[in-house]
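Chain by chain, the residues:
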Amino acid sequence: WRADFPRITVRDMVSVQRALIDHLGIERLALVTGPSLGGMQALEWAMMYPDMVERIVPIGVGGRHSAWCIAMSEAQRNAIYADPDWNGGNYSEERAPEKGLAAARMMAICTYRSWHSFDERFCRNEQGGGEFQVQSYLRYQGEKINKRFDANTYVRLTQAMNDFDISRGRGDYLSVVRSIRHPALVVSISSDILYPPHEQQLLSQNMPNARHALLQSPDGHDGFLIECRELAALISSFREGQAGRFATHAERASIVSAIAE
């Protein structure tokens, strides 16, 4: 389809997941979790199908995409658009906009990490020919994504993230956040510059049954991929604390009512 593939939303993603869940005969989800785009989906699961979800653990995400995140992804898309092989998204297999996609990925990698992460890993170390190690690392990441990803897919996914707002079409933002009554653990990464901790704090402070956990990591947004044991311990502790505690019929009805309002 190339450029003709329609724009999609996070809600579309969750709708497709619901179709799969129904096909598999699963009636209830004990816990829905995910980081970043996955966290957006976890929040939408709670909003769209509250009677199916018992608990949620959104990680490193806010309830709506910030101006900062929108700006970062806009810069990345424009790197793709500037590639002479982009051709309005109607490129060929033989001449895909590989340079543009590589540049977009390099920008993204910088936002996924942090000053301390890069300084500790690369410092100003050179690897010969007057090139710094961090330059080589970014180029490698740019080349790597072209082997497993498509430029139009990158564009559509970043657009879907830009459009994410759990209050869209539902009312006032904080009122919608307060309608999420599921037991929730909202996880932040201490050095995240893409989705800073105050976004998760806003969620947890306004969700009636939520608590906030700060994952200590110097590695920025990608900290959830690196501090795996610590994250697993946080989620396990949350699950154990909620063991046997399922939403009653009355509670589920109140959730549905709040969303309808």
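Along each chain, numbering runs from 1 in the same order as the chain's sequence is written. Selection of residues for local features in this predicted model requires a pLDDT of at least 70, selection of side-chain atom pairs for listing and counting requires 80 or more, and totals for whole chains, interfaces and linings are taken over all residues. The side-chain quantities take in all heavy atoms of the structure and omit both hydrogens and water.

Colleague: Explain the overall build of the chain to me, please; I cannot follow it from the model alone.
Modeller: Under the DSSP-based scheme used, a helix requires at least four consecutive residues in state H or I and a strand at least two consecutive residues in state E, with every element numbered from the N terminus. Summing up its helical and strand segments, the chain has 12 helices and four strands in all. The atom set for the radius of gyration is the C-alpha atoms, and the globule formula is 2.2 Å times the number of residues raised to the power 0.38. Here the C-alpha radius of gyration of the chain, 20 Å, is about what a compact globule of 261 residues would show, namely 18 Å. When its C-alpha atoms are laid out on the principal axes, the chain stretches across 65 × 45 × 35 Å. Within the chain, buried positions represent 47% of all 261 residues. Three exposure classes are used, based on accessible area relative to the maximum for each residue type with a 1.4 Å probe and protein chains only: buried under 20%, partly exposed in between, and exposed over 50%.

Colleague: Would you mind showing me how to read unusual backbone geometry here?
Modeller: Peptide bonds are trans in most cases, and residues, glycine excluded, mostly fall at negative phi. The backbone phi angle of Asn87 is positive, close to 55°, even though this residue is not glycine. Within the element layout of this structure, Asn87 appears in the loop between helix 3 (67-81) and helix 4 (98-112). Phi angles above zero are rare outside glycine, and Cys123 is one such case at about 50°. Tracing the backbone shows Cys123 in the loop between helix 5 (115-121) and helix 6 (133-146). For Cys123, a relative accessible area of 49% gives the class partly exposed.

Colleague: Is there a simple way to explain the pairing of strand 4 (residues 210-215) in this structure?
Modeller: As a general feature of sheets, a regular strand has side chains that alternate between the two faces. When DSSP finds two or more bridges between two strands, those strands count as paired. With six bridges connecting them, strand 3 (residues 184-189) and strand 4 associate as parallel partners. Along strand 4, the bridge assignment pairs Leu185 with Arg211. For the handedness criterion, the strands are oriented away from the viewer, and a crossover whose path from the first strand over the helix to the second runs clockwise is classed as right-handed. Assessed by its sense of winding, the connection that carries the chain from strand 3 through helix 9 (residues 197-206) to strand 4 is right-handed.

Colleague: How do you make sense of the packing of helix 4 against helix 6 when you look at a structure like this?
Modeller: The relative placement of two packed helices is expressed as an angle between their axes plus a distance between the axes. With their axes 8 Å apart at the nearest point, helix 4 and helix 6 run at an angle of 125° to one another. Classified by the angle between their axes, helix 4 and helix 6 sit oblique to one another. As for how helix 4 packs across helix 6, the hand of that crossing is right-handed. Together, Glu98, Leu101, Ala102, Arg105, Met106, Ile109 and Cys110 of helix 4 and Tyr137, Leu138, Arg139, Gln141, Gly142, Ile145 and Asn146 of helix 6 make up the contact between the two elements. For this classification, Asp, Glu, Lys and Arg are treated as charged, while Ala, Val, Leu, Ile, Met, Phe, Trp, Tyr, Cys and Pro are nonpolar and the rest, including Gly, are polar. Its residues assigned to classes, the contact of helix 4 with helix 6 shows eight nonpolar, three polar and three charged. All axes here are fitted lines through C-alpha atoms, helices being fitted over the stretch that makes contact, and every angle between N-to-C directions spans 0 to 180 degrees. By definition in this entry, angles of less than 35 degrees are roughly parallel, angles greater than 145 are roughly antiparallel, angles of 65 to 115 are roughly perpendicular, and the rest are oblique. Each helix crossing is assigned a hand: it is left-handed if the near helix lies turned anticlockwise from the far helix by less than a right angle, otherwise right-handed if that turn is clockwise. Working rule for contacts: check all heavy atoms of both residues, and any pair within 4.5 Å makes them a contact.

Colleague: Help me out: how do you make sense of a nonpolar patch on the surface in this one?
Modeller: Taken together, Leu20, Leu24 and Ile26 make up a surface patch of nonpolar side chains, about 270 Å² in accessible area. Turning to its location among the elements, Leu24 is positioned in the loop between helix 1 (10-23) and strand 1 (32-35). Residues enter patches when their relative accessible area tops 30% and they take part in no salt bridge; the joining distance is 9 Å for like charges and 5 Å for the nonpolar side chains Val, Leu, Ile, Met, Phe, Trp and Tyr. In this description, accessible areas are obtained by the Shrake-Rupley approach with a 1.4 Å probe, and a residue is regarded as covered only by the protein chains that are shown. For this analysis, a salt bridge means a side-chain nitrogen from Lys or Arg found within 4 Å of a carboxyl oxygen belonging to Asp or Glu.

Colleague: Please clarify how the nonpolar core should be interpreted in this entry.
Modeller: Generally speaking, nonpolar side chains in soluble globular proteins are found buried as a group. To form a nonpolar core, buried Ala, Val, Leu, Ile, Met, Phe, Trp, Tyr and Cys residues must be joined to one another through side-chain atoms within 4.5 Å. With 34 residues, the main nonpolar core has Met40, Leu43, Trp45, Ile56, Ile166, Ile180 and Met207 as its most contacted residues. The biggest single contributor to this core is helix 2 (residues 37-48), with seven residues. Leave out the neighbours within four places in its chain, and Met207 touches Ile56, Val177, Ile180, Ala184 and Val186. Counting 11 residues, the second-largest nonpolar core is a separate cluster that includes Val57, Leu215, Ile235 and Phe238.

Colleague: Can you help me understand helix 11 (residues 228-241) in this one?
Modeller: Note on helix geometry: an α-helix contains 3.6 residues per turn, so any two residues three or four positions apart are oriented the same way. Expected span of a helix, by definition, is 1.5 Å for each gap between consecutive residues, and there is one gap fewer than residues. Over its 14 residues, helix 11 runs 20 Å from end to end, which matches the ideal 20 Å to within 8%, given 1.5 Å per residue. What helix 11 keeps buried is the set Leu231, Ile235 and Phe238. Seen along its axis, helix 11 keeps its buried residues to an arc of 60°; they face one direction. Exposed positions of helix 11 whose direction lies more than 90 degrees from the buried face are Arg229, Glu240 and Gly241. Of the surrounding elements, those touching the buried residues of helix 11 are strand 1, strand 2 (56-59), strand 3, strand 4 and helix 10 (223-226). Taken from the helix axis, the directions to the C-beta atoms give the arc we talk about.

Colleague: Would you mind showing me how to read the packing of aromatic side chains here?
Modeller: Aromatic ring pairs are reported here in terms of the distance separating the ring centres and the angle at which the planes meet. Only Phe, Tyr and Trp rings take part, Trp by its six-membered ring, and two of them pair if their centres are within 6.5 Å. Stacked means planes under 30 degrees apart, edge-to-face means over 60, and tilted covers everything else. The tally for this structure, following the rule as stated, stands at eight aromatic pairs. With a centroid separation of 5.3 Å and 55° between ring planes, the pair formed by Trp45 and Tyr49 is classed as tilted. In this pair, the class of Trp45 matches that of Tyr49, namely buried. Relative to Phe122, the ring of Phe118 has its centre 5.6 Å away and its plane inclined at 85°; by these criteria the two rings are edge-to-face. Note on Phe118: relative accessible area 17%, which makes it buried. Residue Phe122 is classed as buried on the basis of its relative accessible area of 6%. Members of the aromatic cluster, each reached through a chain of ring pairs, are Tyr81, Trp86 and Tyr91. To sit over a ring, a charge needs its Lys NZ or Arg CZ within 6 Å of the ring centre and within 35 degrees of the ring normal. The side chain of Arg18 reaches across the aromatic face of Tyr49, ending 4.6 Å from its centre.

What is shown is where atoms sit, not what they do.
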